[in-house]
Amino acid sequence: GFTYSVNPLSLPPGLALDPGTGVLSGIPLVGGIFSFTINAVDNAWLSCGGSRTYTMVIDEYEVSPRKLAFASEVVGTPSPGKTVTISRLGGGLVGLTAFNFSTPQFSISSTTCGPLPFPLNDNESCEVIIVYQPDAATVHTGTLTITHAALGPPIVVSLRGTGTAVAEPQVY
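Residues numbered from 1 in each chain as written. Predicted model: local features only at pLDDT ≥ 70, side-chain atom pairs only at ≥ 80, totals over all residues. Heavy atoms only, no water.

Enquirer: Quick question: what am I supposed to make of the packing of aromatic side chains here?
Expert: Each pair of aromatic rings is reported with the distance of its centres and the angle of its planes. Applying the stated criterion across every chain yields a total of 5 aromatic pairs. Ring geometry for phenylalanine 2 versus tyrosine 4: centroids 6.3 Å apart, planes at 35°, classification tilted. With centroids separated by 5.9 Å and ring planes inclined at 45°, the aromatic side chains of phenylalanine 70 and phenylalanine 106 adopt a geometry described as tilted. Of the two residues, phenylalanine 70 is situated in the loop between β7 (67-69) and β8 (73-74) and phenylalanine 106 in strand β11 (residues 106-111); the sequence distance between them amounts to 36 residues. Ring pairing ties together the aromatic residues Phe70, Phe106 and Tyr132, which thus form one cluster. Over the face of the ring belonging to phenylalanine 70 we find lysine 82, whose NZ or CZ atom lies 5.7 Å from the ring centre. Arginine 88 extends its terminal NZ or CZ atom over the ring of tyrosine 61, reaching a point 5.2 Å from the ring centre. (Phe/Tyr/Trp six-rings, centres within 6.5 Å; stacked < 30°, edge-to-face > 60°. Helix = DSSP H or I, 4+ residues; strand = E, 2+ residues; numbered from the N terminus. Lys NZ or Arg CZ within 6 Å of the ring centre and 35° of its normal.)

Enquirer: Quick question: what am I supposed to make of the sheet that holds strand β4 (residues 32-42) here?
Expert: The strand order β1-β4-β5 describes an open sheet built from 3 strands, whose pairing is antiparallel. The two strands at the open ends of the sheet, each matched to only one other strand, are β1 (2-5) and β5 (49-58). Each strand of the sheet is rotated relative to its neighbour by a mean of 25°, with strand direction disregarded. Bridge count between β1 and β4: 4 bridges; the pairing is antiparallel. Counterpart to serine 5 in the pairing with β4 is asparagine 39. (Pairing = 2+ DSSP bridges. Axes fitted to C-alpha atoms, helices over the stretch in contact; angles between N-to-C directions.)

Enquirer: Looking at this structure, how should I read a nonpolar patch on the surface?
Expert: Taken together, Ile33, Val57 and Leu151 make up a surface patch of nonpolar side chains, about 250 Å² in accessible area. Here isoleucine 33 shows up in strand β4. (Patch = residues over 30% accessible without salt bridge, like charges linked within 9 Å, V, L, I, M, F, W, Y side chains within 5 Å. Areas by Shrake-Rupley, 256 points an atom, 1.4 Å probe, with all protein chains shown as cover. Salt bridge = Lys/Arg side-chain N within 4 Å of Asp/Glu carboxyl O.)

As structure tokens, then:
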């Protein structure tokens, strides 16, 4: 077997390395970009081993949920709103800069995250209420991309809804 080691100060806070398995586990407490080197030594041949450097990017925001599925809606009728919560994990005051939808059938009906740019400090959160209004009797898929001034990539929320045709009245 092998024994694994890492400088614990180089890991993202909240993560730990198991020296017997080499498994990195835990829940990151802050976002950012972290570089660390994991060393491995063969227990049978102590002169054999190696090391590898990794870079980990941890979103500084937590978004819940990351996927929204809307119930079927009649074409032209807006759905009830669904809430997306954006929380700042750490790293100091940084702002949300834009909300962009990939398709026009989805939109924001209200938000506590504005006006943009909207600053969020550590452990603060805000909400975006998203509605779906189909323009055709079909399945619509799209994304909400949330950009921010923090490290890491934009946040993407997957969206899905189904438009249904208006039922024609029956004539007897």
